[in-house]
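So you can see what is in the structure, the chains are spelled out below.
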Amino acid sequence: MKERVWIQDEGIDRGAEKLTPERIEKTINAVLGNEAGARLKAYVETCAHCGLCAEACHFYMSRDKDPRFSPVGKVKQTIWEMLDKKGKVSVEFMKQAVQVAQTECNLCRRCVQYCPFGIDIAYMMSLVRRIAHKLEITPLYIQDTAHSHSATMNQMWVKDDEWIDALHWQEDEIREELPAARIPLDKEGAEIMYSVIGPEPKFRTQLIYQAAAIMNETGCDWTMPATPGWDNSDMAMYTGDSEMMGRLKRMHFDTAARLRVKKIVMGECGHAFRSVYDTGNRVLGWRMPPVPVIHALEFYWDLLNSGKLKVAKKFEEPVTFHDPCNVVRGRGLHEKAREVVRAFCTNLVEMYPNKEHNYCCAAGGGVINCGPPFKNARVEGNRIKAEQLRATGVKVCIAPCHNCHGGLEDIIHKYKLDIELKFLGEIIYDCMEKPNAV
Amino acid sequence: MQDIYLLVAGPLAWAAWAIFFLGSAYKIWSTLAVAKQKDQVLLNYVSFRYALRSIINWSIPFNTTNMRLHPVFTGVAFFFHIAFFVLLIFISAHQIMIEEGFGIGWVTLPDIVADILAFAVLGVCVFFAVRRVIRPEVNYVTDWTDYGLLALVTAPFLTGVLAYHQVGDYMTMVILHMLSAEILLVAIPFTRLSHMLLASLTRGYIGSEFGMVRHVNDW
Ligand code: SF4
Ligand code: SF4
Ligand code: SF4
């Protein structure tokens, strides 16, 4: 086997300088021994070392089937060794383990569907991340994002007034096209609270514009919060900072409760949905989210099927559809999404494997958020997605997830694909009936 | 020799079965007890319906995506697990012992069928071993315990076949056969062979999560 190249990361390196063997041992045993329970034990004791999960993982497939990138291979390089040595592992080992768990696994859970025992390797990788978090050796860039969450309650260091400014600005813009349109701020008693991720007010304001157009033209009773709690994203979930994840989600749900809305509708983001719908609520002790959480894909489907959203013209160019793991393997929205795509597009060309068996974009699970040091490794780790995209022969790919956009963009660039990425909302906005437009 | 035989066929056999049953019960009980103590949250996500759905779907040969991706392995693995129990329960020599011990009996396999099955199982054991060596993704996660467990599983079949064909000293082979089977029984609850006991728990749990929370198939 080729010698592995480990990447230098300031966050990992600086944190590692402060580590002592005792601290590593204590932390590992605290997490694996106390926080984890029967699930970890059963997974480790059941795994037949059969390697059947290998082909599930895009990293393994893209790296010429290097076994170190197979799901179980990642467990061997992390959890098994920690358990075998009862936490007595070296600093060097921990630096490598965090790299494996934090940058070579997207927590996409595809492997879960391939293991005969349903062993959740993503869960084990999360445990490694949790250990790294407690040891303060999380990669620099994603840690910075987590810091932003704890300082501002949003992902992008957006200040409170900047947020409101961004919304007002979009409201001004949209009124040139739809004079009666509003972006209602902090409207108590509205039916829907619409929440987005931090980057939207910062770099992707056109998405807020498009969402507002859809809301207005379909006659929704909606609002966006004027206070922190508007951001549904959550990198703390991906660094193993459960405490911070809890604070974030509490603020999000509290905001919905304060506005007395009936449901939260979220923009096209995968990880944020996982955080609000699946993970964050559990940390706070709610079995299911205390306020119903509707992902954009489902929301569009509802609007279409209730007749509120009408197709004015079709998007003629052939498109393909990338299934974001967090709303497909995480919520089974693949069929609804396709119904909406087919309603608005003439020609949908599928990638294979697809739907709940999709390959991840390799950006998810916080991997893209680990930043430039890991970019090349990440993109090389997803050749298979590039091949899938190329095989469709189309020039437009709909990817209803922010992270997927980031990941796919890098892949398109690196593998020289001539493909343009779109959010589904973009296409809907372009092609829907806008009765109030001037 | 006779004394050893009586020991292996009598008290040791009883002890092995007792350890197997008690050990298995303990294994399942302790796993659930830890789950109750530490993973209380998870227990809230267990749905009988979706657990069963997952277990059934994973019990049908070639039903899951991954099984179809690995048709040879799937065929071999299903055959192995089925043949294991068929031989254990329906081989005539075992029946005789059961009848002597408990006075009950049921249909038995014709000896020739049992013989072919046993040889096939031995072939599968070789297949598993070779696969561990030559497939890099399997080899990478293989350590001596995997070969050890495979040897534990192979031994009763090997000695059974040898005894049946009267290769070597018959009595010795029979004793070795019983002894290796007893060791295997004892090992099941305390090694990774316990996947026999835990598989339905892990499957059922993840099946529930996929079915109830994520509304998606886990196969
Ligand atoms: S990236 Fe996905 S398939 Fe690969 S190990 Fe992680 S969860 Fe499993
Ligand atoms: S995780 Fe599952 S598929 Fe992978 S080696 Fe272990 S038992 Fe086999
Ligand atoms: S970024 Fe998209 S494809 Fe990648 S893990 Fe998230 S949801 Fe999945």
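Quantities reported herein were computed from a predicted structural model and do not represent experimental measurements.

Asks: Could you give me a rundown of the site of ligand 1, with the residues and numbers involved?
Replies: Taken together, Cys57, His58, Pro71, Lys74, Cys105, Asn106, Leu107, Cys108, Arg109 and Cys111 of chain A make up all the residues around ligand 1. Here the shell around ligand 1 is composed, by residue class, of six nonpolar, two polar and two charged.

Asks: Can you lay out the site of ligand 3 for me, pointing to particular residues and giving the numbers?
Replies: Residues and elements named next belong to chain A. Inspection of the region around ligand 3 gives His322, Pro324, Cys325, Asn326, Cys360, Cys361, Gly364, Cys401, Asn403 and Cys404 as its neighbouring residues. Sorting the residues of the shell around ligand 3 by element identifies helix 16 (325–328) and helix 20 (402–414) as the ones contributing at least two each. Within the shell around ligand 3, the residues separate by chemical class into six nonpolar, four polar and no charged.

Asks: Give a description of the interface of chain B and chain A that names residues and reports values.
Replies: The partner chain A presents 53 residues to the 45 residues of chain B that form the contact. Buried area between chain B and chain A, summed over both chains or domains, comes out near 4,100 Å², and the portion from carbon and sulfur atoms is 55%. It is Tyr140, Val141 and Arg214 of chain B that lose the most area in chain B upon contact with chain A, and together they represent 18% of the buried surface on that side. Counting across the chain B and chain A interface gives four salt bridges. Here Glu45 of chain A and Lys27 of chain B are joined by a salt bridge, their closest N and O atoms 2.5 Å apart. Connecting chain B to chain A are 29 residue pairs in polar contact (both at pLDDT 80 or more). Secondary-structure elements contributing two or more residues to the side of chain B that touches chain A are helix 1 (2–38), helix 4 (65–69), helix 7 (111–134), helix 8 (136–139) and helix 11 (195–213) of chain B. The element that contributes the greatest number of residues to the side of chain B that touches chain A is helix 11 of chain B, accounting for eleven residues.

Asks: Could you give an account of the side chain of Ser30 of chain B, naming the residues involved and the relevant values?
Replies: Residues and elements named next belong to chain B. Its location among the elements puts Ser30 in helix 1. For Ser30, a relative accessible area of 10% corresponds to the buried category. One polar contact links the side chain of Ser30 to the main-chain carbonyl oxygen of Lys27, over a distance of 3.1 Å.

Asks: Give me the sheet that holds strand 5 (residues 319–321) of chain A: which residues, what numbers.
Replies: All names here are of chain A. If you trace the three strands from one edge of the open sheet to the other, you get 5-6-7, paired in parallel fashion. Here the strands that pair on one side only, and so sit at the sheet edges, are strand 5 and strand 7 (420–422). Here the strands of the sheet are splayed against their neighbours by 30° on average, with no regard to which way each runs. Judged from the three bridges that link them, strand 6 (residues 396–398) and strand 7 form a sheet pairing that is parallel. Along strand 7, the bridge assignment pairs Val396 with Glu420.

The rules behind these values
- Residues numbered from 1 in each chain as written.
- Chains lettered and ligands numbered in written order.
- Predicted model: local features only at pLDDT ≥ 70, side-chain atom pairs only at ≥ 80, totals over all residues.
- Heavy atoms only, no water.
- Near = heavy atom within 4 Å.
- Nonpolar A, V, L, I, M, F, W, Y, C, P; charged D, E, K, R; others polar.
- Helix = DSSP H or I, 4+ residues; strand = E, 2+ residues; numbered from the N terminus.
- Contact = heavy atoms within 4.5 Å.
- Buried area = accessible area lost by both parts, 1.4 Å probe.
- Salt bridge = Lys/Arg side-chain N within 4 Å of Asp/Glu carboxyl O.
- Polar contact = N/O pair within 3.5 Å; in protein donor to acceptor, adjacent residues only side chain to side chain.
- Buried < 20%, exposed > 50% of the residue type's maximum accessible area, 1.4 Å probe, protein only.
- Pairing = 2+ DSSP bridges.
- Axes fitted to C-alpha atoms, helices over the stretch in contact; angles between N-to-C directions.

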